[in-house]
Structure formats: structure tokens, C-alpha cells
Amino acid sequence: LAQADWVIASIHYGQKQSRDEITKRIVGALQNPHVDIVAHPTGRLLGTRPPYEVDMEAVIATAAQYGKALELNSSPYRLDLCEQHLLQASAAGVPIAINTDAHSIDGLEVIHYGVLQARRAGLLKSQVLNTWPLEQFLRWCDRS
């Protein structure tokens, strides 16, 4: 991980673990000095899978403490983070990255769903990594 320019961590297995275990895994990723962002932090799939049992207050507090970002996943099947968690993260000063979860070029088209979700939560341009000037983003990346 130390050799990567940008590291995104996410849970892709063990979604049915206990609240304490999933929270511990995500908090541990945020504490890792090589991780920059946690993707789809609640793991929800709308209409298919409910969010993980995770202490999002602890996740947001840890992201704020360690200067990490959280993803707002634009996929219309996810829209993860929800409006409530976006509000909590923005109040804590946690930067948000609006990502598409694209697995192909066509998948990039869903970015507008993430933008709408961010607007619904009242996020400002200054709170969204994707909108930062390059120099600001590079300074944030070099925060170690």
C-alpha cells in the first residue's frame, strides 16, 4: 500500500459480521496511514441488501481524526452514503469523494446521482474532493 498514490479501502466480504467487528474493520482501515478513503461505508444495495451493522458515528469520527475521506457512491443501486451520514460527515469536516463505482466507461454516467445526493445533503463544493483545485487536492494527498 505504501507504494500506491491513492488507496481506497472497502468491505467486500464478511458483510454479516457483528456491528463491532465491521466497525473495527472500517476504523482500522481509516487508521492505516496508507489508506486515503473508505468506499461505500455502509455497504447498502438499495432494494437488495440493507446497510451493514456499523457504527457510522465512530467511522466518521475516525475519518475526521485521521484526515481521511469517505466516498459517496453514485451508483443508483447504492447511493452510499445516505443524506444523514453525509450531513454528519460534513459537520465533522470529513471530505467527501463522489465516485461512480464504474466498472466500465459507461458506468461513469451515474455521477449525476451522486451530485444530486450531495446537493440533497447540502454539501458545499469545498467539502467535495472532486471539486478541489489540483493544488489543494495534492496538498491533501500529501498530508502524512
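Computed from a prediction, not measured in an experiment: that's the story for all the values here.

Draft legend 1. The side chain of Gln117, seen in detail. Along the polypeptide, Gln117 turns up in helix α4 (residues 111-120). Accessibility expressed as a relative area gives 4% for Gln117, which makes it buried. Beyond its immediate stretch of four places on either side in the chain, Gln117 contacts Arg44, Leu72, Leu79, Leu81, Cys82, Glu83 and Leu86.

Draft legend 2. Broad picture of the sheet that holds strand β1 (residues 8-9). Ordered by their spatial adjacency, four strands build an open sheet running β1-β2-β3-β4, and the pairing between neighbours is parallel. Only two strands of the sheet have a single neighbouring strand rather than two, namely β1 and β4 (96-99). For strand β2 (residues 37-38) and strand β3 (residues 69-73), the ladder comprises two bridges, and the chain directions are parallel. Paired with Val38 across the two strands is Leu70, which belongs to β3.

Draft legend 3. Local environment of the pairing of β3. Burial of β3 is extensive: five of the five residues sit out of reach of the surface. Burial along β3 is two-sided: Ala69, Glu71 and Asn73 facing one way and Leu70 and Leu72 facing the other are all buried. You can see the chain leave β2, run along helix α2 (residues 56-66) and come back into β3, and the turn it takes is right-handed. With four bridges connecting them, β3 and β4 associate as parallel partners. Within the sheet, the bridge partner assigned to Leu70 lies in β4 and is Ile96. A crossover links β3 with its parallel partner β4, the connecting element being helix α3 (residues 83-91), and its sense is right-handed.

Draft legend 4. Fine view of the environment of Thr100. You can see Thr100 is positioned in the loop between β4 and α4. Spatially, the C-alpha atom of Thr100 lies 9.9 Å from that of Arg78, the residues being 22 residues apart in sequence. Setting aside residues no more than four positions away along its own chain, Thr100 makes contact with Asn73, Ser74, Ser75, Gly107, Leu108, Val110 and Ile111. Reaching out from Thr100, the side chain makes a polar contact with the backbone nitrogen of Ala102 at a distance of 3.1 Å.

Draft legend 5. Structural detail: unusual backbone geometry. In this model, His40 sits at a positive phi of 25 degrees, which is unusual for a non-glycine residue. In this model, Leu79 sits at a positive phi of 40 degrees, which is unusual for a non-glycine residue. Tracing the backbone through its elements, the reader meets Leu79 in the loop between β3 and α3. Residue classification places Leu79 among the buried residues on the basis of a relative accessible area of 15%.

Draft legend 6. Examining the environment of Ile98 more closely. Locating Ile98 in the fold gives a position in strand β4. Judged by relative accessible area, Ile98 falls into the buried class, the value being 7%. Along the chain, Ile98 and Thr131 lie 33 residues apart, while their C-alpha atoms are 9.4 Å from each other. Here Ile98 is in contact with Leu72, Ser74, Ile111, Gly114, Val115, Ala118, Val128 and Asn130, once residues within four sequence places are set aside.

Draft legend 7. Quick look at helix α1 (residues 19-31). For α1, built from 13 residues, the straight-helix expectation of 18 Å at 1.5 Å per residue is met to within 8% by its first-to-last C-alpha distance of 18 Å. Of all the positions in α1, only Ile22, Thr23, Ile26, Val27, Ala29 and Leu30 are classed as buried. Looking straight down α1, one finds its buried side chains confined to an arc of 155 degrees; they lie on one side. Looking at α1, the residues exposed on the side facing more than 90 degrees away from the buried face are Asp20 and Lys24. Elements that come into contact with the buried residues of α1 comprise β1, β2, α2 and β3.

Rules of the game
Residues numbered from 1 in each chain as written. Predicted model: local features only at pLDDT ≥ 70, side-chain atom pairs only at ≥ 80, totals over all residues. Heavy atoms only, no water. Helix = DSSP H or I, 4+ residues; strand = E, 2+ residues; numbered from the N terminus. Buried < 20%, exposed > 50% of the residue type's maximum accessible area, 1.4 Å probe, protein only. Contact = heavy atoms within 4.5 Å. Pairing = 2+ DSSP bridges. Right-handed = clockwise from strand over helix to strand, strands pointing away. Polar contact = N/O pair within 3.5 Å; in protein donor to acceptor, adjacent residues only side chain to side chain. Expected span 1.5 Å × (residues − 1). Arc of directions from axis to C-beta.

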